[in-house]
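Letter by letter, the chains look like this.
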Amino acid sequence: MDDVSLGNRIAQKVLEGYRKLGSSCKPGTRSNGVKEWTVLAGIVAIDKKNSDLRLISIATGVKALPDAFLHRSGGKMVHDCHAEILALRAFNAVILDQIAYLNSNSDNQIDLVERASEDQLFHFKDNWELAIYISTLPCGDASMDLLCQDESIIEMQDDDPIQFVDPAVTSIVRGRFNYSRRQVVRTKPGRFDSQITLCKSCSDKLCQRQVISILNCMTWKLLNKPVYLKYLVTPNTTDLLHQSFYDRIKVLPNVPLKVLQCSYQFEHDKHSSEEEPSAMSSIKLYSTPESTVEQALLNGLKNGFYTKGNKPLRRNCEPAVSRYAQWQLFKTLRPEFTNATYLQFKATIQDRNALIQDCRKLLSPKGWISTSRDDCE
Ligand SMILES: [Zn+2]
């Protein structure tokens with residue numbers, strides 16, 4: 001099959017899944033008539049034997065939480081609700097669900113994961129290749145050239161301190177500041193008057209996934225090998241994607257993303273500057289054909305569960321892709337970590353942590369600025 005038809009089939013699979021989402025998961029029209037837009041992403045597995053496609057997760061969203069919101073999170077608030085990052089989190093949640101299924105149904109099989117020969121470990125089946133579809137170019141470095149007509153960008157000199165989160169770390173730039181500068185780490189874009197988020201752009205995160213894999217620390221612990229994406233499918237490919245993704249990490253061992261173009265446009269794409277970004281995000285996990293989870297997210301929590309100010313979070317507010325939800329499930333699979341906190345456990349995954357450090361040093365040689373600690377038990 002040629003690349004265009006594969007790209008189109010993958011996009012079609014995600015778009016079909018999107019159409020079936022409930023209306024609370026989709027952008028709407030505000031009471032003043034202003035239309036909302038969002039970004040759609042999905043993870044699709046391609047069966048190498050027969051090219052069949054298997055949708056694993058879809059997500060929408062364009063928001064990230066200000067760092068100042070995180071002090072009451074306890075692992076329950078999802079910081080980064082950009083679609084492609086949510087779709088990857090949802091992929092990990094599906095893998096955890098499938099492992100939990102195998103653990104409690106010892107005679108049964110399931111489609112994505114199997115038991116490995118090593119004790120306590122599982123294997124992502126060899127017949128699958130993985131693709132991520134994104135309805136537009138990821139924010140940050142890969143999309144800076146698309147911004148020329150955007151009113152929210154500011155050009156400046158390379159030494160202007162206002163562009164930095166920390167003036168000592170000149171290799172991390174805030175949002176869209178100094179937009180003509182290329183191949184730097186950027187925080188997620190936001191309005192100038194919004195509270196700062198320290199989440200890194202989707203370009204920076206996806207770029208690093210070529211080295212670290214798409215597993216989180218929990219699925220890394222449970223699987224016998226890391227799992228990488230093979231394809232990135234998007235309607236607007238540019239040659240700059242290669243520079244943004246591949247050139248920045250090529251000196252490290254990596255599995256490069258192959259970019260495939262698709263010809264479908266997403267119905268809730270941004271069509272004009274009068275449209276506003278949707279505050280709502282959404283996720284759908286296709287853990288098995290019989291068991292799916294669909295949730296709308298607002299302010300990093302399940303829609304309807306947000307409390308203002310410093311009030312404690314409500315029970316069951318955590319989305320299925322949150323750190324907290326995944327950590328609770330993980331501990332049932334590995335009870336030896338019952339008394340550890342999430343961050344204590346994460347510190348034990350040394351091989352993965354070393355890859356993260358290698359990426360950070362390479363992408364931002366002047367240092368790294370992390371989001372606030374967000375631990376849970
Ligand atoms: Zn993004």
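Coordinates for the structure precede this section.
So, how was this worked out
- Residues numbered from 1 in each chain as written.
- Predicted model: local features only at pLDDT ≥ 70, side-chain atom pairs only at ≥ 80, totals over all residues.
- Heavy atoms only, no water.
- Helix = DSSP H or I, 4+ residues; strand = E, 2+ residues; numbered from the N terminus.
- Rg over C-alpha atoms; globule rule 2.2 N^0.38 Å.
- Buried < 20%, exposed > 50% of the residue type's maximum accessible area, 1.4 Å probe, protein only.
- Contact = heavy atoms within 4.5 Å.
- Areas by Shrake-Rupley, 256 points an atom, 1.4 Å probe, with all protein chains shown as cover.
- Lys, Arg positive; Asp, Glu negative; His and termini not counted.
- Charge placed at Lys NZ, Arg CZ, Asp CG, Glu CD.
- Donors = N, O, S within 2.8 Å, 3.2 Å for Na, K, Ca; no water.
- Phe/Tyr/Trp six-rings, centres within 6.5 Å; stacked < 30°, edge-to-face > 60°.
- Lys NZ or Arg CZ within 6 Å of the ring centre and 35° of its normal.
- Arc of directions from axis to C-beta.
- Pairing = 2+ DSSP bridges.
- Axes fitted to C-alpha atoms, helices over the stretch in contact; angles between N-to-C directions.
- Core = buried A, V, L, I, M, F, W, Y, C linked by side-chain atoms within 4.5 Å.
- Nonpolar A, V, L, I, M, F, W, Y, C, P; charged D, E, K, R; others polar.

Looking only at helices and strands, the chain has eight helices and 16 strands in total. For 377 residues, the compact-globule estimate of 2.2 N^0.38 gives 21 Å, and the C-alpha radius of gyration of the chain, at 20 Å, lies within 12% of that figure. Projecting the C-alpha coordinates of the chain onto the three principal axes gives extents of approximately 60 × 50 × 50 Å. Counting across all 377 residues of the chain, residues that qualify as buried make up 54%. In the chain, once contacts between residues fewer than 6 apart in sequence are set aside, the share between residues at least 24 apart is 68%. Accessible surface computed for the chain: about 16,900 Å², of which carbon and sulfur atoms make up 48%. Averaged over its 48 positive side-chain charges, the chain has a centre that lies 4 Å from the centre of its 44 negative ones.

Position of Arg334 relative to the elements: it lies in the loop between helix H6 (323–333) and helix H7 (342–347). Its relative accessible area of 4% is what places Arg334 among the buried residues. What Arg334 contacts, discounting residues up to four positions off in sequence, is Gln120, Leu121, Lys221 and Leu222.

This brings us to the environment of Gly28. Secondary-structure assignment places Gly28 in the loop between helix H1 (3–19) and strand S1 (36–37). Note on Gly28: relative accessible area 30%, which makes it partly exposed. A C-alpha to C-alpha distance of 9.2 Å links Gly28 and His268, two positions 240 residues apart in sequence. For Gly28, the residues in contact, after removing those within four places along its chain, are Val34, Lys35 and Glu36.

This brings us to unusual backbone geometry. For Gln120, which is not glycine, the phi dihedral falls at a positive 70°. Locating Gln120 in the fold gives a position in the loop between strand S6 (113–115) and strand S7 (122–124). Although it is not a glycine, Ser213 sits at a positive phi angle of roughly 85°. Mapping Ser213 onto the fold places it in the loop between helix H3 (202–212) and helix H4 (217–222).

Turning our eyes to something else, we now look at the coordination of the zinc ion. Protein-derived ligands of the zinc ion are His82 (ND1), Cys139 (SG) and Cys202 (SG), with the metal-ligand distances lying across 2.1 to 2.3 Å. In terms of primary sequence, the donors binding the zinc ion are separated according to H-x56-C-x62-C. Highlighted residues: His82 in strand S5 (residues 80–82) and Cys139 in the loop between strand S8 (128–134) and strand S9 (172–173), separated in sequence by 57 residues.

The next thing to look at is the packing of aromatic side chains. Scanning the entire structure with this criterion turns up eight aromatic pairs. Their ring planes at 65° and their centres at 6.1 Å tell us that Phe91 and Phe124 sit as a pair that is edge-to-face. Separated by 33 residues along the polypeptide, Phe91 in helix H2 (residues 83–104) and Phe124 in strand S7 bring together distant segments of the chain. A relative accessible area of 8% places Phe124 in the buried class. Joined through ring pairs, the aromatic side chains of Trp327, Phe330, Phe337, Tyr342 and Phe345 make up one cluster. The ring of Tyr324 has Lys76 sitting right over it, with the charged end atom 4.6 Å from the ring centre. Of note, Lys302 hangs over the ring of Phe305, and the distance from its end group to the ring centre comes to 5.1 Å.

Below, the discussion takes up H6. Taken residue by residue, H6 has Arg323, Gln326, Trp327, Phe330, Lys331 and Leu333 as its buried positions. Buried residues along H6 cover an arc of 150° about the axis, so they all sit on one side. In this structure, the buried residues of H6 make contact with H2, H4 and H7.

Backbone hydrogen bonds are what pair the strands of a sheet, in a parallel or an antiparallel way. Ordered in space as S12-S11-S8-S2-S3-S14-S15-S16, the eight strands form an open sheet in which the pairing is mixed. A single partner strand is all that each edge strand has here, and the edge strands are strand S12 (258–261) and strand S16 (301–302). As defined by bridge partners, strand S3 (residues 53–60) adjoins strand S14 (residues 280–286) across four bridges and the pair is classed as antiparallel. Bridge pairing links Thr60 to Ser282 in S14. Against the sheet, H2 makes contact with strand S2 (40–47), S3, S8, S14 and strand S15 (292–298), and its axis sits at roughly 130° relative to S3, the strand it touches most.

Among the nonpolar cores identified, the biggest contains 75 residues, and Ile43, Phe91, Val113, Phe124, Leu130 and Leu223 are the most heavily contacted of them. In this view, Ile43 contacts Arg54, Leu55, Ile56, Ser57, Ala87, Leu88, Phe91, Leu130, Ala131, Ile132 and Leu229; residues no more than four positions away in its chain are not counted. Counting residues in each nonpolar core, the second largest holds 24 residues, with Val14, Val233, Cys262 and Tyr286 among its members.

Each turn of an α-helix holds 3.6 residues, which means side chains three or four residues apart point in the same direction. Along helix H5 (residues 240–249), the residues classified as buried are Leu240, Leu241, Ser244, Phe245, Arg248 and Ile249. Summarising the axial view, the buried residues of H5 lie within an arc of 145°, below the 170-degree limit, and thus occupy one face. In this structure, the buried residues of H5 make contact with strand S10 (185–186), H3, strand S11 (231–234), S12 and helix H8 (350–363).

Two elements in contact, H2 and H3, have axes separated by 9 Å at closest approach and are oriented at 35°. Each of Glu84, Ile85 and Leu88 in H2 lies in contact with H3, whose residues at this interface are Cys202, Lys205, Leu206 and Arg209. The residue inventory of the contact of H2 with H3, partitioned by class, reads four nonpolar, no polar and three charged.

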